[in-house]
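Reading the structure
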Amino acid sequence: MMKHQKYENTIDQALHQIENLPWTDKNFYSQFLKQTYFFVSHSTRLLARTMSLTPTKETKRYSRFVEHMTEEHNHEVIAWADLKGIGVDPNSLEELPTTKAFYGLQYYKADISSGISLLGYILFLEAIASRLGAPFMTRLKEAHGVKGTRFLHVHTTEDPEHVEHALEQISLLSLNEQKIVWENFNDTAILYVNLLDEIAKNSQINKFNLHKAS
Ligand SMILES: [Fe+2]
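All of the points below concern the structure found in this document. This is a predicted model, so every value here is computed, not measured. (Residues numbered from 1 in each chain as written. Predicted model: local features only at pLDDT ≥ 70, side-chain atom pairs only at ≥ 80, totals over all residues.)

1. Some thoughts on the packing of helix α2 (residues 26-41) against helix α5 (residues 75-85)
One way to put it is that α2 packs onto α5 with a least axis distance of 8 Å and a crossing angle of 160°. When the axes of α2 and α5 are compared, the pair comes out roughly antiparallel. In this structure, α2 meets α5 at a crossing whose hand is left-handed. Between α2 and α5, the residues in contact are S30, L33, K34, T36, Y37, V40 and S41 and H75, E76, A79, W80, D82 and L83, respectively. By residue class, the composition of the contact of α2 with α5 is 6 nonpolar, 4 polar and 3 charged. (Axes fitted to C-alpha atoms, helices over the stretch in contact; angles between N-to-C directions. Helix = DSSP H or I, 4+ residues; strand = E, 2+ residues; numbered from the N terminus. Parallel < 35°, antiparallel > 145°, perpendicular 65-115°, else oblique. Left-handed = near helix turned anticlockwise from the far one by under 90°. Contact = placed C-beta atoms within 7 Å. Nonpolar A, V, L, I, M, F, W, Y, C, P; charged D, E, K, R; others polar.)

Here it is in structure tokens:
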């Protein structure tokens, strides 16, 4: 129960900060999509790493990772297509060091926890997307069009049951494993908000450079 309350508080706090970002700004949103493309490209790879580290006796857990990897396969392609949908050349945006740090840490955490840490990362990302809600999506679609908002559409509408799955999976772990997962959940919440702040800062710099160039 305690864990659940903490979970709700962390999501609420992150959500509050995320909702206040300049989502209707094209520079911000383009950077968001490209950085999303980069870290989501690693989701299936992180799952593969985690699967290779999962003890053979954990058959249920292993099967869930296999399923999840299939579900996530090619999701980065949707973010790439969204960029084209808003008329931005996807190759025009570079990967930020903060993005590399965001997913890079997950390989290390997986390696030192027999892969169990990844559940915290998955839970945060699934939960935050499922909580963005219909008014947020309406505002986003008005600003960038349906063809430019498919990635968030898919993740805000399809993921609520994934959250329940992940919470259930976590509750079945040993206390020590749960501790690792919740610590990574909290780290991921903070690092994800930092990443979006960095994207907001970076898109302001890009805007400034564009104005200077023209
Ligand atoms: Fe996904």
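Let's pick the thread back up.
2. Some remarks on the environment of T138
Here T138 shows up in helix α8 (residues 133-144). As a C-alpha pair, T138 and F185 span 47 residues in sequence and 28 Å in three-dimensional space.

3. Some remarks on the nonpolar core
Core analysis: the largest hydrophobic core is formed by 21 residues, its most contacted members being L118, L119, I122, L123, F124 and A166. Broken down by secondary-structure element, the contributors of at least two residues to this core are α3 (43-53), α7 (118-130), α10 (160-171) and α11 (175-213). No other element matches the 9 residues that α7 contributes to this core. Look past the residues within four positions of A166 in its chain and what remains in contact with it is L119, I122, L123 and E126. By size, the runner-up hydrophobic cluster in this structure holds 16 residues, among which are F32, F39, L83 and F102. (Core = buried A, V, L, I, M, F, W, Y, C linked by C-beta atoms within 7 Å. Buried ≥ 20, exposed ≤ 12 C-beta atoms within 10 Å, placed from the backbone.)

4. Examining helix α6 (residues 97-111)
An ideal rise of 1.5 Å per residue puts 21 Å on 15 residues; α6 measures up with 21 Å between its terminal C-alpha atoms. Within the span of α6, buried status applies to T99, F102, Q106, K109 and A110. (Expected span 1.5 Å × (residues − 1).)

5. Observations concerning the packing of α2 against α6
α6 packs onto α2 with a crossing angle of 25° between their chain directions and a minimal axis gap of 9 Å. Viewed along their axes, α2 and α6 adopt a mutual orientation that is roughly parallel. Between α2 and α6 lies a crossing of right-handed hand. Of the residues in α6, those in contact with Q35, F38 and F39 of α2 are T99, F102 and Y103. Counted by class, the contact of α2 with α6 contains 4 nonpolar, 2 polar and no charged residues.

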